[in-house]
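Fold and contact review
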Amino acid sequence: MSTRDTSTLGILFILIGMAAISVNDVLIKQLSGGYPLHQLVFTRSTIGLLFSFVFLHMEGGWHLLKTSTPRLHALRALMVVISNMSFFAAIAVLPLAETTALFFVAPLMITLLSIPILGEKVGPMRLTAVLVGFVGVLIMQRPWQSLGDTDANRIVLLLPVLAALTYAINQIMTRKLGVSSKASALAIYIQGTFILVSAGFYLVAGDGRFAEGAENGAVIFLLRAWHWPSAGDWSYLIGLGLMSAIVGYCLGQAYRISSAATVAPFEYVGLPLAVLWGFFIFGELPDLAVTIGILLIMGSGLFVFLRERMLARRITRPTNMRR
């Protein structure tokens, strides 16, 4: 398969994965008022693990789980856990579009980290576009506002940024590990880590004692007591599991087969999806600062993509002529 073909396929996987992420975020926010985060993570990962085993069977079977780099896989999975739980804790307090916007420093970090870690070439024009994207992210974070003018404290506002950093590290590691690991195996390692971490939360805080007296919505969501889901919520929980499996597979596959600098900008599709879901489901609309930031990030992402395609054409034409 040619580089152009793998880039196109990687972009397709990213788009599917981002659509699944947006649905996942909506379901988490819907359920955040009645369940602790670690219970939702445990349930969705257990269900998602079952779907991931189906993907594993389709790609070749159990032997694909063998790896010569178990510690690197464990570190990668831990980065995903920190990223997800930080982001989900923020969703319980912040509007969906704003939380997603704050998180979207991640694709910019991936593009930059791909230079020293993966040795990928990112020219000055794309670097300028990335800088414009960072300006958009800063505008959406509105650092000029005082704490009294915000709806959440600074710790909550930093949670999506922490999620972005750990997510970027995870995706760069995916690119390195993907040479010898299938996407389904990568997804299973992550689902298993989610189950272990959330089960640990249950053993320590599953009775809700650490949430007593707490006033911060993110802390309450993280540490409230477990309880058996109601009959009406099981469809949401099963949906969470399915979305988790799709996300784990599609993102792993995208970064496994394609350049990080090529596919990362397409994660920006999550921004308009978050705005749409936020408006139609939660009645939330982004303010002017968030809107300007989204436009800057979307513009920079589109430029990076067009520049990548133009460079690809320059590379392939001489090769075709020599044939």
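What you see is a predicted model; the values in this text were computed from it and never measured.

Before going further, it helps to examine the overall build of the protein chain. From N to C terminus, the protein chain includes 13 helices and 0 strands. The order of helices and strands in the protein chain, counted from the N terminus, is α-α-α-α-α-α-α-α-α-α-α-α-α. By the burial criterion, 52% of the 323 residues in the protein chain qualify as buried. Residue pairs in contact within the protein chain that sit at least 24 positions apart in sequence constitute 86% of those at least 6 positions apart. Counting every atom, the protein chain has about 15000 Å² of accessible surface; 70% of that belongs to carbon and sulfur.

Once that is clear, we can look at the pattern of salt bridges. Side-chain pairs of opposite charge can arise whenever the charged atoms involved come near each other. The final tally for this structure, using the stated rule, is 2 salt bridges. Between Arg209 and Asp207 there is a salt bridge, with its nearest N and O atoms 2.7 Å apart. Given the relative accessible area of 41%, Arg209 is considered partly exposed.

Counting residues in each nonpolar core, the largest one holds 72 residues, and the members touching the most others are Ile14, Leu37, Leu40, Phe88, Phe103, Ile110 and Tyr255. When residues no more than four places from it in sequence are discounted, the contact partners of Ile14 are Leu251, Ala254, Tyr255, Val263, Phe266 and Glu267. Membership of the second largest hydrophobic core comes to 5 residues, among which are Leu49, Leu56, Leu64 and Ile195.

Our next topic: the packing of helix α5 (residues 106–113) against helix α6 (residues 124–141). Packing of α5 against α6 leaves a shortest axis separation of 10 Å and a crossing angle of 150°. With respect to α6, the axis of α5 lies roughly antiparallel. Relative to α6, α5 is oriented so that their crossing is left-handed. Contact residues: Leu108, Met109, Thr111 and Leu112 in α5; Leu127, Val130, Gly133, Phe134 and Val137 in α6. Grouping the constituent residues of the contact of α5 with α6 by class yields 7 nonpolar, 2 polar and no charged.

Moving on: helix α4 (residues 96–103). It helps to recall that an α-helix has 3.6 residues per turn; residues three or four apart then point in one direction. With 8 of 8 residues buried, α4 is to be regarded as a mostly interior element. Leu96, Ala97, Glu98, Thr99, Thr100, Ala101, Leu102 and Phe103 are the residues of α4 that are buried.

Now for the side chain of Thr43. Structurally, Thr43 is set in helix α2 (residues 37–59). Residue Thr43 is classed as buried on the basis of its relative accessible area, which comes to 12%. Sequence-distant contacts of Thr43, defined by excluding residues within four places in its chain, comprise Trp234 and Leu237.

A few words on the packing of aromatic side chains. Counting across every chain of the model gives 11 aromatic pairs. With 5.0 Å between their ring centres and 40° between their planes, Phe55 and Tyr249 make a pair best called tilted. Pair noted here: Phe55 is in helix α2 and Tyr249 is in helix α10 (residues 234–257), with a separation of 194 residues, a long-range link. Exposure remark for Phe55: the relative accessible area of 21% places this residue in the partly exposed category. Classification of Tyr249 as buried rests on a relative accessible area of 14%. Ring plane angle 65° and centroid distance 6.2 Å describe the contact between Phe87 and Phe88, whose orientation is recorded as edge-to-face. Connected via pairs of aromatic rings, a cluster forms that spans Phe87, Phe88, Phe103, Phe104 and Tyr167. Above the ring of Phe282, the side-chain terminus of Lys29 is found at 5.5 Å from the ring centroid. If you follow Arg44 out to its NZ or CZ, it ends over the ring of Phe194, 5.2 Å from the centre.

The rules behind these values
- Residues numbered from 1 in each chain as written.
- Predicted model: local features only at pLDDT ≥ 70, side-chain atom pairs only at ≥ 80, totals over all residues.
- Heavy atoms only, no water.
- Helix = DSSP H or I, 4+ residues; strand = E, 2+ residues; numbered from the N terminus.
- Buried < 20%, exposed > 50% of the residue type's maximum accessible area, 1.4 Å probe, protein only.
- Contact = heavy atoms within 4.5 Å.
- Areas by Shrake-Rupley, 256 points an atom, 1.4 Å probe, with all protein chains shown as cover.
- Salt bridge = Lys/Arg side-chain N within 4 Å of Asp/Glu carboxyl O.
- Core = buried A, V, L, I, M, F, W, Y, C linked by side-chain atoms within 4.5 Å.
- Axes fitted to C-alpha atoms, helices over the stretch in contact; angles between N-to-C directions.
- Parallel < 35°, antiparallel > 145°, perpendicular 65-115°, else oblique.
- Left-handed = near helix turned anticlockwise from the far one by under 90°.
- Nonpolar A, V, L, I, M, F, W, Y, C, P; charged D, E, K, R; others polar.
- Phe/Tyr/Trp six-rings, centres within 6.5 Å; stacked < 30°, edge-to-face > 60°.
- Lys NZ or Arg CZ within 6 Å of the ring centre and 35° of its normal.

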